[in-house]
Amino acid sequence: MIEYIFDGKKLKKRSGQKQGELDGNIVRAWNGSQVGEIEGKNIKDSHGKKVAEFDGKNIKDDTEKKIATIEEIRKIIEGEAGISLVAMWYFFVWK
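An account of the accompanying structure is given in this report. (Residues numbered from 1 in each chain as written. Predicted model: local features only at pLDDT ≥ 70, side-chain atom pairs only at ≥ 80, totals over all residues. Heavy atoms only, no water.)

## Considering the environment of Q17
Here's step 1: Its place among the elements puts Q17 in the loop between β2 (10-13) and β3 (18-23).
Here's step 2: For Q17, a relative accessible area of 46% gives the class partly exposed.
Here's step 3: Through-space distance from the C-alpha of Q17 to that of E3 is 11 Å; in sequence the pair is 14 residues apart. (Helix = DSSP H or I, 4+ residues; strand = E, 2+ residues; numbered from the N terminus. Buried < 20%, exposed > 50% of the residue type's maximum accessible area, 1.4 Å probe, protein only.)

Encoded structure:
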């Protein structure tokens, strides 16, 4: 069941509560603090450490272990599939 909506910039719960926001390549929490960033196909935490990688279909952690597929994420978050959607899922849903 879809629990979140991502419009390409903001991630909100179905109730409308803002969870996070994409500011260019920077992922920010609801309060504006930086939680991570997108760099190419990699997702990095706020300290610049690679935490996940998206190959277009699978999401892998920093040890190359598969943690999810884009199809699984789209069952939880409504929005256009891509690295932005994956980053929002990683920081605000999966973590």
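Structure's up, so let's keep going.
## Details of the sheet that holds strand β9 (residues 66-69)
Here's step 1: Reading across from one edge, β9-β8-β7-β6-β5-β4-β3-β2-β1-β10 is the order of the 10 strands in this open sheet, with mixed pairing throughout. Strand pairing shows two members of the sheet lacking a second neighbour, β9 and β10 (77-78), which therefore form its edges.
Here's step 2: Two strands pair when backbone bridges link them, and strand β5 (residues 34-39) and strand β6 (residues 42-45) are joined in this way by 4 bridges, in the antiparallel orientation. Each residue of the ladder has a partner; that of I38, found in β6, is I43. (Pairing = 2+ DSSP bridges.)

## Description of unusual backbone geometry
Here's step 1: With a phi angle near 70°, E64 is a residue other than glycine that sits in the positive phi range.
Here's step 2: By the secondary structure assignment, E64 is in the loop between β8 (58-61) and β9.

## Side note on the nonpolar core
Here's step 1: Counting 24 residues, the largest nonpolar core has V27, I59 and I77 as its most contacted members.
Here's step 2: Taken together, the elements giving at least two residues each to this core come down to β1 (4-6), β4 (26-29), β7 (50-54), α1 (70-74) and α2 (83-94).
Here's step 3: With 8 residues, α2 is the largest single contributor of residues to this core.
Here's step 4: If we skip the residues at most four places from it in the chain, I77 touches I2, Y4, F6, L11, L85, W89 and V93. (Core = buried A, V, L, I, M, F, W, Y, C linked by side-chain atoms within 4.5 Å. Contact = heavy atoms within 4.5 Å.)

## Re the pattern of salt bridges
Here's step 1: If you walk through the whole model with that rule in mind, you get 8 salt bridges.
Here's step 2: Salt-bridge contacts for K18 lead to E21; the nearest nitrogen and oxygen are separated by 2.9 Å.
Here's step 3: Its relative accessible area of 18% is what places E21 among the buried residues.
Here's step 4: Close ionic contact of R28 with D23 constitutes a salt bridge, the shortest N to O distance being 3.1 Å.
Here's step 5: It is possible to trace a salt-bridge network through shared partners that takes in K41, K50, E53 and E64. (Salt bridge = Lys/Arg side-chain N within 4 Å of Asp/Glu carboxyl O.)

## Here's the deal with the side chain of D45
Here's step 1: With respect to the helices and strands, the residue D45 is situated in strand β6.
Here's step 2: Buried within the structure, D45 lacks any salt-bridge partner; its nearest side chain of opposite charge belongs to K49, at an N-O separation of 5.7 Å.
Here's step 3: With sequence-adjacent residues up to four places away left out, D45 is seen in contact with V35, G36, V51 and F91. (Lys, Arg positive; Asp, Glu negative; His and termini not counted.)

## Here's the deal with the pairing of β6
Successive residues of a regular strand alternate their side chains across the two faces of the sheet.
Here's step 1: Because side chains alternate across β6, one face comprises the buried residues N42 and K44, and the other comprises I43 and D45, equally buried.
Here's step 2: Following β5, the chain reverses through 2 residues before pairing antiparallel with β6; G40 in that reversal takes a positive phi of roughly 65°.
Here's step 3: Where β6 meets β7, 3 bridges bridge the pair, whose relative direction is antiparallel. Residue pairing in the sheet places I43 in a bridge with A52 of β7.
Here's step 4: Between β6 and β7, which pair antiparallel one after the other, the connecting turn spans 4 residues, and G48 there sits at a positive phi close to 90°.

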